[in-house]
Structures are given as structure tokens and as C-alpha cells.
Amino acid sequence: MNIRATSRVLGVIGDPVAHSFSPDMHNAAIAALDVDYCYVAFHVLPDRIAEAIHGMRGLNIRGLNVTIPHKLAVMEHLDRISEEASAVGAVNTISHEDGALVGYNTDVYGILTALREIAGLKTLPAQCVVLGAGGAARAVTYALGMQDAVQRVTLLNRTVARAEALAGDMEKITGKTIAVGPLDAETQRRSFADAGAVVNTTSLGMYPKVNASPLVDVRAVHPGLVLCDTVFNPLETQLMRAFKSVGAPAFGGLDMLVFQGARSFAIWTGVEPPTDVMKNAVVKRVRREA
Ligand SMILES: NC(=O)c1ccc[n+]([C@@H]2O[C@H](COP(=O)([O-])OP(=O)(O)OC[C@H]3O[C@@H](n4cnc5c(N)ncnc54)[C@H](OP(=O)(O)O)[C@@H]3O)[C@@H](O)[C@H]2O)c1
């Protein structure tokens, strides 16, 4: 990479941030396209968010990704929020546009593109299940609920009250039925029975606790149920293996990660990045650390 005096700065803010794959992914795209940008990680503590965003203005930083725990906290410091980010209630991308800071949520595009292009669901199933009710679940539930083909989304979460709050918000925004339940065996069996897709947004199964899984009993899974796990490290989770063991198609979170990153990159640079190059960069890093 050739960083020059003219290079525009992109980056990610988070706490922690040292584990982030975004620098690998974006710098690989920058190198492949030979465009004059560089992408770095900034460790920003929660009580420094206002200063960090102020610094983005002062230093004329072109764009930032926002990761845990700042996706909500950054919103009040921005000049405009996209309709999508405002509906989801979280910003994962900030773009410096003609002196104004604009917040976007590219996780919505990331999950929809992964479901359509990687999982092959050109038309989404009428009944979908989302495991989890945190930040990723907000983007996924909104993405699913906004599709004409989807009639009902069922949210299963360890903390049912959190799922109820999310369901209330998303029913108002999407106009769809959003059901809720606990993450237990019986509820999984009932809600999986007539569903066509499951998206796992819990962090269960994520490195280093790779043997954890939100699935209680594999008998709840049928071969017509497509799994999209949002966990991307490891590349194949325990949950994916369980689905595959009964002949159900299962996909990991890597493609969602790459598609959300590609969308951010296009917003900042105006150029569509090579997603295969971005994906290879993440795969290389995951394998190096395994
Ligand atoms: N592929 C991508 O591009 C992408 C993008 C965004 C996020 N993600 C992934 O999505 C996952 C969640 O991220 P997030 O931002 O939504 O985090 P979050 O807001 O902290 O939510 C975590 C979720 O996991 C559940 N959970 C955590 N530990 C659990 C346990 N021991 N048993 C049962 N449930 C448990 C939580 O349930 P409670 O509500 O009961 O605590 C909650 O639903 C992470 O693995 C992240 O890497 C991937």
C-alpha cells in the first residue's frame, strides 16, 4: 500500500477494536483498486464518542465504520441519519459529505444480499425466525420485515423482554407480525416447523467459545429450513454443522460482513469494491488466527 499526503482516511471506531477484520477487508479492496485511501482502526472509549466524532470533522476523515458498543451513541452527534439507520436505530457507517456527517446502516443491505445471493433465497420465505434480539437482530428483523414476501418474523431470545421491545418497534415500522418467544427447545420446534429461514444473531458459537450454539435440539431442524448465521469467526459454526447434519443448507456470517463492508466502501469512495478480494482478506485472517 502506498499512503501519500493526499490519501483520504477511512476507519472503524469500537471498544474493543483490535479484533476487527475491517482494516484487512478494506485495505485489500483499496490495494486491488489502487485508489488513494487508507483504512485504520481507532480504539474509542464510550465516554470519548463526542470527541471522536468532533475529530472526524476536524481531521476531515472521509468515512468511519462504527462497531460495538457505539452504533447507537454516535447518532446524536451526526447531521443526518438515513431512513434505514433511523428505522433500525443504529448507525454502522458514517460518511463525510460536503461538510455534513451522514449516518447509514449497511448491515441491512449485508444480510439481504447474503440471503439472496449466497443462500439463494431470491424470494424470501413467508415465515422467518431470528435468534437473538440485540443490535444485529434489529437490522435483520427490519431487513426481513420490509420484504413483501415475508409475512411473519419470530424473534427467539434468552431475554424475552428484549425481544418484546424489538418486536413492538418493528411491528410499527414494517407493519408485519413479529412474534416473540424464549430460546428453548419447544419454542424452537414450533417456530421452525413452518419457517423457511432462520437467522442467528446471537453471539453464541463465536470465537473463542466455538462449541456454544443457540440450537437446543437438532430435531427441530428440517431440510427445508435455510440457516444464515451472522457469526463469521469461526467460518463454520457449531450451529451450521447441526443444520448440515440433517440436510439443511447453512451459511456463515462472512458474506454478510463482506457485503455490509462493500456497501460502506461504495458510499465513501463511489466505487464498487471487489467483494472476492475483501472476502479472501478476511478468510486469510481467520485462518491465521485459528
Ligand atoms: N456478519 C456480520 O456482518 C455481522 C454484523 C453484525 C453483528 N454480527 C454478529 O452478530 C452477533 C451479535 O451481535 P450484536 O451486535 O447483536 O450483539 P448484542 O447486541 O450484544 O446481542 C447479543 C445477542 O446474543 C444473545 N446472547 C449472548 N450471550 C448469550 C448466551 N450465553 N445465551 C443466549 N443468548 C445469548 C443476547 O441475548 P440477551 O438479549 O438475552 O442478552 C443477544 O440476543 C455477534 O456474533 C456479531 O459478530 C455479524
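Residues numbered from 1 in each chain as written. Predicted model: local features only at pLDDT ≥ 70, side-chain atom pairs only at ≥ 80, totals over all residues. Heavy atoms only, no water.

So, about the overall build of the chain. Along the backbone of the chain there are 10 helices and 12 strands. By the compact-globule yardstick of 19 Å for 290 residues, the chain fits well, its C-alpha radius of gyration being 19 Å. With respect to the principal axes defined by its C-alpha atoms, the chain has extents near 60 × 40 × 35 Å. Buried positions account for 53% of the 290 residues belonging to the chain. Contacts spanning at least 24 positions in sequence make up 70% of the contacts within the chain whose residues lie at least 6 apart. Entry remark: accessible area of the chain is about 12,900 Å², with carbon and sulfur atoms responsible for 53%. Averaging the locations of the 27 positively and 28 negatively charged side chains of the chain gives two centres separated by 4 Å. (Helix = DSSP H or I, 4+ residues; strand = E, 2+ residues; numbered from the N terminus. Rg over C-alpha atoms; globule rule 2.2 N^0.38 Å. Buried < 20%, exposed > 50% of the residue type's maximum accessible area, 1.4 Å probe, protein only. Contact = heavy atoms within 4.5 Å. Areas by Shrake-Rupley, 256 points an atom, 1.4 Å probe, with all protein chains shown as cover. Lys, Arg positive; Asp, Glu negative; His and termini not counted. Charge placed at Lys NZ, Arg CZ, Asp CG, Glu CD.)

Moving on: the pattern of salt bridges. Applying the stated criterion across every chain yields a total of 15 salt bridges. In this structure, glutamate 186 engages arginine 190 in a salt bridge whose closest nitrogen and oxygen atoms are separated by 3.3 Å. Of the two residues, glutamate 186 and arginine 190 both sit in helix H7 (residues 185-193), 4 residues apart, roughly one turn of that helix. Linked through salt bridges whose partners overlap, the residues forming this network are Asp24, Arg285 and Glu289. (Salt bridge = Lys/Arg side-chain N within 4 Å of Asp/Glu carboxyl O.)

Here the structure, examined in full by the defined rule, presents 3 aromatic pairs. For the ring pair tyrosine 39 and tryptophan 268, a centre distance of 6.2 Å and an interplane angle of 45 degrees mean the geometry is tilted. Of this pair, tyrosine 39 sits in strand S2 (residues 37-43) while tryptophan 268 is found in helix H9 (residues 254-269), placing the two residues 229 residues apart along the sequence. You can call tryptophan 268 buried: its relative accessible area is 2%. Look at phenylalanine 192 and phenylalanine 243: their rings are 6.4 Å apart centre to centre, the planes differ by 55 degrees, and that puts the pair in the tilted class. Of the two residues, phenylalanine 192 sits in helix H7 while phenylalanine 243 sits in helix H8 (residues 238-245), which places them 51 residues apart along the sequence. Judged by its relative accessible area of 1%, phenylalanine 192 falls in the buried class. (Phe/Tyr/Trp six-rings, centres within 6.5 Å; stacked < 30°, edge-to-face > 60°.)

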